[in-house]
Amino acid sequence: MGVFQLVSWPTSGHDCPVATKEEQLTVAAVARRLGVAPATLRTWDRRYGLGPSSHESGEHRRYCPEDLARLTLMRRLITSGVSPCDAAEQAKNHKGRINLETIVADYVVREELVEALHKAAKALDKKFIEAALRKDLAHYGVQQSWSEVIVPLLFLVGNEWEASGTGVEVEHVLTEVLKGILREHVEDIKKPVNAHPVLLASVGEEMHSLALHALAAALAERKIETYFLGARTPHEALCAMISRSAPPAVFLWAQLSKNADPKYFNEIPAIRPMPRVVLGGPGWNHDQCKDVAIVEDLSQAVAEIERAVGL
């Protein structure tokens, strides 16, 4: 059973099936899996009756898989905004498998969704983050979800890591989940509006590419096809792709100034028509980039590329 995988609940009562010692977990182990304090589990047990199903005299109480499933549902409901009392009642009464889409609330206040995702990220609850973001992207679209939810969430996680020096694993896991969700939006476009795909690349030794995933997803919503070159695109590879594909636009991302070399747009092949070069990321020196477009956010990047493809 995976860390946050929900299993089927028993059809009646709260007794666990016969389980081996290896299948039973201590309070500390369950707390780690759920991302809560052991004291929280003891409170849920005392206040709501969500504790270990069985206990042998003289032994420490241990949780079986069905106990863990109920507690996972409890935490996810609380994360989504349900009160602890109501969450406990639903967790105790639920039978069968749970559909996360039914847990994730319709967040009218965007800050509440950001906070719920922040809690889920710290608990490494990949499934909840995916379900919540899929729902938000389907309703609001990439640009609005990116600016109102994803960027504030990344700032929260980044600031927390910077302040404490811990939690870099949270940022890494969250980034990979976000990339996967955004990639789902970049499907094969049946009738793209652009004859030649737009190139998206992080230049030099730049490892950051999340902004490229967001841009590719936002462009896909507008039926603009892209070639995703991704992180650490060398100058030679960029030039080869421009020569071979004749893109209407080239978007270059540089998070760090050491990667923002002007050669990436000054020394590209002379093709006709020349592609529109668009730069994004805080690494670029504006004084060195006066002849190309520099964008400050996703909406500006989309607008520049729309102009390049004639929309």
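Sequence order sets the numbering: in each chain, residues are counted from 1 along the sequence as written. Totals for whole chains, interfaces and linings use every residue, but because this is a predicted model, local features are given only for residues with pLDDT of at least 70 and side-chain atom pairs only at 80 or more, for both listing and counting. Side-chain metrics in this entry use all non-hydrogen atoms of the structure; hydrogen atoms and water are not considered.

Caption draft 1: Examining the sheet that holds strand S1 (residues 198-203) more closely. Any two strands with at least two DSSP-identified bridges between them are counted as paired. Segments assigned H or I by DSSP are reported as helices when at least four residues long, segments assigned E as strands when at least two residues long, and all are numbered from the N terminus. Strands sit in the order S2-S1-S3-S4-S5 across an open sheet of five strands; the sheet is parallel. Every interior strand has two partners, whereas the edge strands, strand S2 (226-233) and strand S5 (293-295), have only one. Recorded for the sheet is a direction-independent mean angle of 20 degrees between the axes of neighbouring strands. As paired elements, S1 and strand S3 (residues 249-253) share four bridges and run parallel to each other. Residue pairing in the sheet places Ala201 in a bridge with Leu252 of S3. Note on contacts: a residue pair is in contact if any heavy atoms of the two residues lie within 4.5 Å. In this analysis, axes come from line fits to C-alpha atoms, helices being fitted only over the stretch in contact, and the angle between any two N-to-C directions falls in the range 0 to 180 degrees. Packing of helix H10 (residues 210-221) onto the sheet brings it into contact with S1, S2 and S3, and relative to S2 it is tilted by some 175 degrees.

Caption draft 2: Main features of the packing of aromatic side chains. Centre distance within 6.5 Å is the pairing criterion for rings of Phe, Tyr and Trp, where only the six-membered ring of Trp is used; planes under 30 degrees apart are then read as stacked, over 60 as edge-to-face, and the remainder as tilted. Here the structure, examined in full by the defined rule, presents one aromatic pair. The ring of Tyr140 carries Arg110 above its face, with NZ or CZ at 3.9 Å from the centroid. Both a distance and an angle decide whether a charge sits over a ring: NZ of Lys or CZ of Arg must be within 6 Å of the ring centre and within 35 degrees of the ring normal.

Caption draft 3: Spatial organisation of the nonpolar core. Take the buried residues of types Ala, Val, Leu, Ile, Met, Phe, Trp, Tyr and Cys, join any two whose side-chain atoms come within 4.5 Å, and each joined set is a nonpolar core. Burial classes follow relative accessibility: with a 1.4 Å probe on protein chains only, a residue under 20% of its type's maximum area counts as buried, one over 50% as exposed, and anything between as partly exposed. Formed by 45 residues in total, the largest nonpolar core has its most connected members in Leu117, Ile129, Leu133, Leu215, Phe251, Leu298 and Ile305. Those elements giving two or more residues to this core turn out to be helix H6 (110-122), helix H7 (126-140), helix H8 (142-164), helix H9 (168-184), S1, H10, S3 and helix H13 (298-308). When residues in this core are grouped by element, the largest group, nine residues, is from H10. Among all residues touching Leu298, those that are not within four sequence positions of it are Val142, Gln143, Trp146, Ala214, Leu215 and Ala218.

Caption draft 4: Broad picture of the pattern of salt bridges. When a carboxyl oxygen of Asp or Glu is within 4 Å of a side-chain nitrogen of Lys or Arg, the pair counts as a salt bridge. Scanning the model with the defined rule gives 13 salt bridges in all. With a closest N to O distance of 2.7 Å, Arg76 and Asp125 form a salt bridge. Linking Arg76 in helix H3 (residues 65-79) with Asp125 in the loop between H6 and H7, this pair joins segments that are 49 residues apart in sequence. Residue class for Arg76 comes out buried when judged on its relative accessible area of 2%. For Asp125, a relative accessible area of 0% puts it in the buried group.

No statement about biological role is implied by the geometric values presented.
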